[in-house]
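Spelled out, the chains give:
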There are 2 protein chains.
Amino acid sequence: MTIKRRQFIKTAGIGSLAGAAAGGVAMPAIAQSAPEVRWRMTSSFPKSLDTIYGAAEMFSRVVAELTDNRFQVQPFAGGEIVPALQALDAVQNGTVEAAHTAMYYYWGKDPTFAFGTAVPFGMNSRMEDAWMYYGGGIDLFNEFLKDYNVYGLPGGNTGCQMGGWFRKEIKTVADLNGLKFRVGGFAGTVLQKLGVVPQVIAGGDIYPALEKGTIDAAEWVGPYDDEKLGFNKVAPIYHYPGWWEGGAMLHFTFGIEKFNALPKAYQAAVRTAAMAANKDMQAKYDAVNPPALKRLISAGAQLKPFSQEVMAACSKAANEVYAETSAKNAKF
Amino acid sequence: MTIKRRQFIKTAGIGSLAGAAAGGVAMPAIAQSAPEVRWRMTSSFPKSLDTIYGAAEMFSRVVAELTDNRFQVQPFAGGEIVPALQALDAVQNGTVEAAHTAMYYYWGKDPTFAFGTAVPFGMNSRMEDAWMYYGGGIDLFNEFLKDYNVYGLPGGNTGCQMGGWFRKEIKTVADLNGLKFRVGGFAGTVLQKLGVVPQVIAGGDIYPALEKGTIDAAEWVGPYDDEKLGFNKVAPIYHYPGWWEGGAMLHFTFGIEKFNALPKAYQAAVRTAAMAANKDMQAKYDAVNPPALKRLISAGAQLKPFSQEVMAACSKAANEVYAETSAKNAKF
């Protein structure tokens, strides 16, 4: 029996296996197809972002339930075992079997990564799902991910984010000139065309930077997550929409060989748990954001849309960046 | 071994079990928790509605994948084994273990059923998910379903439907007076307040009725499903939105005792497959509806919004119906 199990381990080539399968009884065919597997999933997010980090927890819980606790995926917050923004690298080089991350964090490697999360003036969360599940998106994106030895599945969405917190209202395109704005990735590149000076600052450092005026504005996620950091006290203008993230999709990512070595039922557990977590995160954000927005407004936040003039100029700048990037990068 | 399996069947009280578990080998604890189970799921929909009927097929496929084909749920189209609009009754009286249906079909038993699908000027699909998964909706609705011996889970959504096909444009509230409109359930009750004469006609009979002028208008689902029935040829005005179905949610329903008797991992398979199918149907509709709408417009459909005047009058009528129904029905 023990030999059989060892043979399976060798054949399947699964990395982390632990514990005996069933207490001292004979092992028929079915037990061979339900081995004990333990994986680690590193998240790019802190536990304080309970909606986003929660997707890794839910994935883990559901996979365990589906397999009678035989397939366990332990989630870790960003920085616990792998730095937050190196989650993909850790899967690529086999440090961990899985990660929960936002693909656009890796756009420095290749801007094509941005299509896995959101691009300025791109799709909303329902459109992204339509593309991913029924427009060939999952296959196309995995064709791209293959070069990184990673298999990825949609794993949650924040929905359309907010434009962020500003010390002074942005009324015209001229107001963007010289603005020190904490904003990540692709949006920063677009905004640079309009004179914005993008700032990269970790979540916990944004509040003091805004308070002192080291920066003029900062975007984070949306009402529920922003409220926890208290930005409304130091930068009361709350602009919307976050046109650079009409629907920010997260991904569960897995080492390709690790995933392929799983028994078929465990692969189904991974796929189905990921799809359920994708549904779950958007539902949670849609439940918690509206009351948080009301509380923020009661606490003095001034909700203002970006003007048509600003939106049009940003859209034009985004299209310029797309044209320039496409000319240099066939995958993009 | 055979005795052990029979003991399990008796203990768990599962209705339909079939086939041997594993080919002639000893059965340890794990195999007892993975018995072969076969269920039947009756759908309220024809196979021609491949998006809606497809959710029952997907559910079935995913549950089988998750359990190494040991738990099989066979889907049947409406009318194959149970009449389409008696799917809930068939689960309630144990004729089948499961159904895929729209709860508002049963609003004649109690108008509270409508909250499981859509109510006029109610929520869109994302709001419904937020309510169901994070607003206590699933628990609250199952508290109601308990009286019918049924356990229900969200199982797909069409998104906001269209207002339907009209032989003549509806410009004012007066145009609704005397209008013979094929429209189901609660919306019909609301529209009656404005003089509409609701008609109940099966899908296949709508086209000839519209062609002959037996009815003046008909609503079905949305572009992708409507296109198959060719309404644009006989009633070219395509009004929107279908304010009575801002997001029509489907449900998977199960006999409560049947569900409770399942092994824990199979219960998880049911819950997770339902959630994935809920995500999947909306994604498919969002992928197929926009191109279908373009084709319909190319083929002569005239897309027209209901006027503000019409919308306001319908909203007022809906609120009157809600007040009247609430006064008579505490659950509602």
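Residues numbered from 1 in each chain as written. Chains lettered and ligands numbered in written order. Predicted model: local features only at pLDDT ≥ 70, side-chain atom pairs only at ≥ 80, totals over all residues. Heavy atoms only, no water.

A separate point is the domain arrangement of chain A. Residue and element names in this part refer to chain A. In terms of domain boundaries, chain A breaks down into domain 1 (36-160 + 246-288) and domain 2 (164-243 + 302-328). For domain 1 versus domain 2, the distance between C-alpha centres works out to 26 Å. Counting the surface lost from both domain 1 and domain 2, the interface buries some 1400 Å², and carbon and sulfur atoms represent 70% of this. Looking at the side of domain 1 facing domain 2, the largest losses of area belong to Trp107, Pro120 and Phe121, adding up to 45% of the total buried there. The tally of links from domain 1 across to domain 2 stands at 1 salt bridge. Of all the secondary-structure elements, those providing two or more residues to the side of domain 1 that touches domain 2 are helix H3 (50-66) and helix H11 (264-298). (Domains from an automatic or database assignment. Buried area = accessible area lost by both parts, 1.4 Å probe. Salt bridge = Lys/Arg side-chain N within 4 Å of Asp/Glu carboxyl O. Helix = DSSP H or I, 4+ residues; strand = E, 2+ residues; numbered from the N terminus.)

Residue and element names in this part refer to chain B. Axis separation between helix H3 (residues 50-66) and helix H11 (residues 264-298) bottoms out at 9 Å; the angle between their running directions is 145°. Helix-helix and strand crossings are classified by hand; for H3 and H11 the assignment is right-handed. The residues of H11 that touch H3, namely those facing Asp50, Thr51, Ile52, Ala55, Met58, Phe59, Val62, Val63 and Leu66, are Ala269, Val270, Ala273, Ala274, Ala276, Ala277, Asp280, Met281, Lys284, Tyr285 and Val288. Partitioned by chemical class, the residues of the contact of H3 with H11 number 16 nonpolar, 1 polar and 3 charged. (Axes fitted to C-alpha atoms, helices over the stretch in contact; angles between N-to-C directions. Left-handed = near helix turned anticlockwise from the far one by under 90°. Contact = heavy atoms within 4.5 Å. Nonpolar A, V, L, I, M, F, W, Y, C, P; charged D, E, K, R; others polar.)

All names here are of chain A. Counting through the fold element by element, Asn232 comes out in the loop between helix H9 (223-229) and strand S9 (237-240). A relative accessible area of 11% places Asn232 in the buried class. Those residues in contact with Asn232 that sit more than four places away from it in its chain are Trp165, Leu296, Ala299 and Ala301. (Buried < 20%, exposed > 50% of the residue type's maximum accessible area, 1.4 Å probe, protein only.)

Below, the discussion takes up the nonpolar core. Judged by nonpolar contacts, the single largest core of 116 residues is most densely connected at Phe59, Phe71 and Phe254 of chain A together with Phe59, Phe71 and Phe254 of chain B. Non-local contacts of Phe254 of chain A, meaning those with residues more than four positions away in its chain, are made with Trp39, Met41, Phe59, Val91, Glu97, Ala98, Asn149, Val150, Tyr151, Leu153, Phe259 and Val270 of chain A. (Core = buried A, V, L, I, M, F, W, Y, C linked by side-chain atoms within 4.5 Å.)

Residue and element names in this part refer to chain A. Taking 1.5 Å as the rise per residue, H11 with 35 residues should run 51 Å; its terminal C-alpha atoms sit 52 Å apart, in good agreement. The axis of H11 is deflected most strongly, by about 30°, at Asn289, and proline Pro290 appears within four residues downstream. Just past H11, the residue Gly300 takes up positive phi, approximately 110°. (Expected span 1.5 Å × (residues − 1). Bend = angle between axes of the 7 residues up to and from the residue.)

The next subject is the pattern of salt bridges. Residues and elements named next belong to chain A. Across all of its chains, the model carries 36 salt bridges over all chains by this definition. Between Lys47 and Glu80 there is a salt bridge whose closest N-O contact spans 3.7 Å. Residue Lys47 is found in the loop between strand S1 (37-43) and H3, and its partner Glu80 is found in the loop between strand S2 (71-76) and helix H4 (87-92); the two are separated by 33 residues along the sequence. Lys331 is the salt-bridge partner of Asp147, the closest N and O atoms lying 2.9 Å from each other. Separated by 184 residues along the polypeptide, Asp147 in the loop between helix H6 (137-145) and strand S4 (150-157) and Lys331 in the segment after helix H12 (308-328) bring together distant segments of the chain. For Asp147, a relative accessible area of 53% gives the class exposed. Here the residues in one salt-bridge network are Asp50, Asp225, Lys228 and Lys284, joined through shared partners.

This brings us to the relation of the copies chain A and chain B. For the pair chain A and chain B, the superposition axis carries a translation of 0.0 Å, the fit reaches an RMSD of 0.0 Å, and the rotation angle comes to 180°. Taken together, the rotation angle and the small translation identify this as a two-fold axis. For chain A, the minimum C-alpha distance to the rotation axis belongs to Ala276 of chain A and amounts to 2.5 Å. Residue by residue, 100% of the interface of chain A is reproduced at the interface of chain B, so both copies engage with the same surface. (Least-squares fit on C-alpha atoms with pLDDT ≥ 70 in both.)

Our next topic: the interface of chain A and chain B. Contacts between chain A and chain B engage 37 residues on the former and 37 residues on the latter. Note on chain A versus chain B: buried area summed over both sides is about 3300 Å², and carbon and sulfur give 66% of it. Counting every contact that joins chain A to chain B gives 6 salt bridges. For the salt bridge of Lys279 of chain A with Asp129 of chain B, the shortest nitrogen-to-oxygen distance reads 2.5 Å. At the boundary of chain A and chain B, one finds 10 residue pairs in polar contact (both at pLDDT 80 or more). Residue contributions to the side of chain A that touches chain B peak at 16 residues, all from H11 of chain A. Taken together, the residues of the side of chain A that touches chain B sort by class into 21 nonpolar, 6 polar and 10 charged. (Polar contact = N/O pair within 3.5 Å; in protein donor to acceptor, adjacent residues only side chain to side chain.)

Here the focus is the sheet that holds strand S3 (residues 98-101) of chain B. In sheet architecture, strand pairing relies on hydrogen bonds along the backbone and comes in two forms, parallel and antiparallel. All names here are of chain B. Reading across the sheet, the 5 strands line up as S2-S1-S3-S10-S4 and stay open at both edges, with mixed pairing between neighbours. If you trace the sheet from one side to the other, it starts and ends with strand S2 (71-76) and strand S4 (150-157), each paired once. In this sheet, adjacent strand axes meet at a mean angle of 25° when their direction is disregarded. In the sheet, strand S1 (residues 37-43) pairs with S3 via 3 bridges, with the strands oriented parallel. Among the inter-strand pairings, Ser43 is bridged to a residue of S3, identified as His100. Sitting on the sheet, helix H6 (residues 137-145) is in contact with S4 and strand S10 (249-255), with an inclination near 130° to S4. (Pairing = 2+ DSSP bridges.)

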